[in-house]
Every structure is written in structure tokens, then in C-alpha cells.
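Secondary and tertiary structure notes
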Amino acid sequence: MKQLRVTGVDPSFYRDIELIASLFFSKVNVSENQETADLWLHFSVEEGHPIRVSVTLSDPGRDQAWHGSHVREAEAGETGKAYRKRVKQAISHALLQVLEEATGIRQPWGILTGVRPTKLLHMMLQKGYTMDEAAAILRKDYLLEPEKIAILQEIVHRQTTVLPDLYELDREVSLYVGIPFCPTKCAYCTFPAYAIQGRNGSVEEFLSGLHEEVEAVGDWLKRNQLPVTTIYFGGGTPTSITANQMDELFRKMKASIPGFEEVRELTVEAGRPDTLNEEKLDLLKRWKVDRISINPQSFEENTLKLIGRHHTVKETLEKYQLAREMGLHNINMDLIIGLPGEGVEEFRQNLAVMQELRPESLTVHTLSFKRGSIMTRNKEKYKVAEWREVAEMVRLAREWTREQGYVPYYLYRQKNILGNQENVGYAFPGEESLYNIIIMEERQTIIGLGCGAVSKIIPPGTGKIQRWPNPKEPQAYIDTYLRHIHEKLAALDEAYGVGTSAGV
Ligand code: SF4
């Protein structure tokens, strides 16, 4: 834990200072009174038009100091939230400079700490900035590295190409169905995923609740004549349930969701190869699923054991081959950069295997130490690459995908992600997942059904987002799903200004 003693700035900015500092140190505590602080930060903030910030970072132990400053333009007369945001950005900007200088660590995303940098670029374009003007702001004000700006530009361009109506999609909705079971729990995972063995009773009970939720949401969609853009089955691993249970769920969806067979995209995550067999793949094919995921994460056997995947590399390759033979077309594969014990060499080998397989889409994640995961709780057991090597693997992924004909089409970032990098979805042109774009850019309501599903309600024309989480845990879902359905539909009624769903 790094103790930072901060002076010369209003305490309401401590949280922002902590966010920037935690890009450099794994744990940070900020306060103005720390006799034993590791580092001292003294700010001088002139809140005018422009805003002038300077900062001195000193290390009492080493008798060393670093200085940074930033001048942020502010529109004449600007006050309130917008002005405060500029002050915050000026403080973050000056702070990032001194921390980069003091530690020698470069932050590829500059002062941006949010999950969705592409959303910021979309917003700038919608406000009327040209792509070049937006790029200049991202460089100058947010300190993004040029290659991060380039990938954002490419992605935004790609998204508006494959979804030309992206900015008007709030007249439709998408559906997410969460199935919270997996064969075993992976060490880095914080998704609602529960080992399925020995749970037959609760799987059946959960599915019967889910059927009711599908029916209720279907009725609401019919009443309000809202078209469905995409449907996504995630979790967990949806293919953990039996072929029969999947078939019944699809039948229920067909009977309840208007236009089920005409949606623009139907995806089923089949991430764990150990859940797949001929019967299930045949079912996915018969139900005309557009896109599935079979996720190797790594093609290193030892890594898979270490992260608790409980399937072998051979199994991934065989199931992929089987899916191909059975005619499934758009297959996504995930790789994770920075898994324990893996560096550039291992990543190159992973890409070499991908070159043989050539899935239509490839999502390249960077490992993140998520709060509550087995890996984070036992961090000392897992040796991971340092930031320079992680940056090199991210660069390699970009170069390799370009050479192979993939285009990047969505990107998101996570807290505690190695090297402060990102996750990027690549696909062959025309094979991009529309759902991934929609969820990342938050352009329409996504109604979540099932366990761990979070509905994001965006009343058309507002861009405002209300979150309605379903319970994460299967037993909690079984116990409370009726109340959750009722509350969610009432929230949808209110957001869409329509009649009551009471009595559902
Ligand atoms: S397969 Fe996916 S959802 Fe299931 S435990 Fe592993 S990471 Fe989590």
C-alpha cells in the first residue's frame, strides 16, 4: 500500500488523485495527514479561465522531487459540473506527468480511467468534431498514446460501418440471457458462474423461473411493439445445460419473443469446450445460431491447469474442429494476454495456433486482477508479465491481426488490467458481433434475463442509463425472480412512458 500525503488541493479531488496514482501502484491511500507517507504531493490549483495546476512530487526517503504542470482552457463563464470536470482533468494531467517521470512507467491511455474510451470518441463526433479534431483533443488533453487513438478511430469507423443506424438504435432493444453455470470455476473469473455438478435440482428450478421471465418480457415487447435487434446467451457458460434444456429454452424464446427468428444476430457463448458435444452443436445449428464462442484463453497446457480451466488444449482443438464440421460458421475465440507464466514467446505460440484455426473473430483480452477472483485472493501464487512485456504482447496482437485480415471493432478496459492496457474484439470484416458493439457503446436498452443479467434501460432519445440487476446467485434468483420481473417491467413501463405491467 502506497501512502500518499496530499496538500494544496480540495479533498473532493482525492478520489481522482487516487485513481491516477493507482495506475502506477497496486494499492494507494490518499490523505493530507500522514506522518509516515511514502510520497508527498503538493498541488497549486488556480481556478480561473484558464485553469492552472502545478504539482511537486517528493520522496522523503530519497530526498528527490519531480515537478509537473498543466494549463487547461475553460470556456468563459463556464461553471458547475462541466467546469469541475475540467479542473479534475487538469489535476489528473499534471499528476500523470510527475508519476510517469518518477516511476518511468508510461500510461498508454493517459488520464482516461473509464471502461469505454470509444464512447468518448463517439460523443465527440456527435458533437460535431471531426475525427482529426477529436484525435488532437485525445492526445493533448487526455494524453493518449498515438496508437491508442488510432485503434479508437478504426473501431468507431468500423462500428458505424456495420451498424449504420448505431446512433438511432434506441428505437429497438436487445436481450441478454444469463445462464450461471460452468463445469468448474476459473481462477480469474468473477462472472456469475457456479460449478454445475451436483446442482441438477437448482438448474431445473432456475430454468423454470427463466421460462417465466422470457414469457413476461416477451409479452411486454409485444405490447409495446419494440423490435429486438440482437439476442445474446452468456453466463456462465450457457452450453453447460443439457441439449434438451437448451432446446426447451429456445422453444420458449420462439413462442414468446416477437421476431425471435428474424433478429439481426443470435449468439450463444459456448466458451468452455468441455461443455460441447455433437448433440449440442447440432442443436445450435438447427436453431440458426449466428455466432458461438469457443474459448481457448491459451494453448499452453500448464497455463490452463494453473487457471483452473479443467479442459485440455486437445479438447479445445477437437471441439473447434467438430463445430466446423457441423457447419457452425462465425466462431469467436478468446485469448488472454498475461496469464500466469506467459510472456511474449508463449503469446507468439498462441497466435501461431490461431493462424491454423482462423476463427472468424478473435477477442484478445489482457488479464485483469478482478476483485474477488481466486487469482486476486492468492496473487502471490501467480507470476505475471511486467508492463513493458504486456505492452509488447498487445502491440503484437494488433500487428498480427492486421496481417491476418482481422479488423478491431470493439474495445473496453477494466480496473486492475495488466499494464493498464485493454481488451479488443477483432473480426474478419462482416463477422463483427453486433451485440458486443451495442453493449459497449450503450446505444439501446438491453433487457437482461436470468442470473447475473443486468438490464440497462435507456429511454429513447435520452442516453440516460438505469441499471436493473437480476440476482447473481441461482438460489437467490429462484427465490426472488417474480419480484424482479415485476420491478423490471415497471421500470421499463416508466422509461418508455407506457401503461402499467402490474399483475405480471
Ligand atoms: S468458463 Fe467463463 S464464466 Fe465460466 S468460470 Fe471460466 S471464465 Fe467464468
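You'll find the structure just up there.
Predicted, not measured: the structure shown is a model, and the values here were computed from it.

Calculation notes
Residues numbered from 1 in each chain as written. Predicted model: local features only at pLDDT ≥ 70, side-chain atom pairs only at ≥ 80, totals over all residues. Heavy atoms only, no water. Patch = residues over 30% accessible without salt bridge, like charges linked within 9 Å, V, L, I, M, F, W, Y side chains within 5 Å. Areas by Shrake-Rupley, 256 points an atom, 1.4 Å probe, with all protein chains shown as cover. Salt bridge = Lys/Arg side-chain N within 4 Å of Asp/Glu carboxyl O. Lys, Arg positive; Asp, Glu negative; His and termini not counted. Charge placed at Lys NZ, Arg CZ, Asp CG, Glu CD. Helix = DSSP H or I, 4+ residues; strand = E, 2+ residues; numbered from the N terminus. Buried < 20%, exposed > 50% of the residue type's maximum accessible area, 1.4 Å probe, protein only. Polar contact = N/O pair within 3.5 Å; in protein donor to acceptor, adjacent residues only side chain to side chain. Contact = heavy atoms within 4.5 Å. Pairing = 2+ DSSP bridges.

**Side note on a positive patch on the surface**
Together, Arg84, Lys85, Lys88 and Lys127 make up a positively charged patch on the protein surface. When you line up the elements, Arg84 lands in helix α2 (residues 80-103). Arg84 gets classed as partly exposed once you look at its relative accessible area, which sits at 37%.

**Remarks on the pattern of salt bridges**
Scanning the model with the defined rule gives 31 salt bridges in all. The salt bridge involving Glu432 is made with Arg158; its shortest N-O contact spans 2.7 Å. Residue Glu432 is located in the loop between β15 (423-427) and α14 (434-441), and its partner Arg158 is located in helix α5 (residues 146-162); the two are separated by 274 residues in the primary sequence. Accessibility assignment for this pair places Glu432 and Arg158 in one class, buried. Linking Lys319 and Glu315 is a salt bridge whose minimum nitrogen-to-oxygen distance equals 3.9 Å. Taken together, the positions of Lys319 and Glu315, both in helix α10 (residues 313-325) and four residues apart, correspond to about one turn of that helix. Residue classification places Lys319 among the buried residues on the basis of a relative accessible area of 14%. Ionic contacts of the salt-bridge type, sharing partners, join the residues Arg116, Lys119, Glu442 and Lys456 into one network.

**Looking at the side chain of Ser455**
Tracing the sequence through the fold places Ser455 in strand β17 (residues 454-457). The buried category is assigned to Ser455, whose relative accessible area is 0%. Within the structure, the side chain of Ser455 is placed 2.9 Å from the backbone nitrogen of Gly448, a separation counted as a polar contact. Once residues lying within four places of it in the same chain are set aside, the contact partners of Ser455 are Ile446, Ile447, Gly448, Gln466, Arg467, Trp468 and Lys488.

**Here we look at the pairing of β15**
In terms of residue burial, β15 counts as a mostly covered element, since five of its five residues are buried. Neither face of β15 is exposed, since Asn423, Gly425 and Ala427 on one face and Val424 and Tyr426 on the opposite face are all buried. In terms of strand pairing, strand β13 (residues 361-366) meets β15 through four bridges, oriented antiparallel. Bridged to Leu362 within β15 is Tyr426. Pairing between strand β14 (residues 407-412) and β15: five bridges, direction antiparallel. Bridge pairing in β15 places Tyr410 opposite Gly425.

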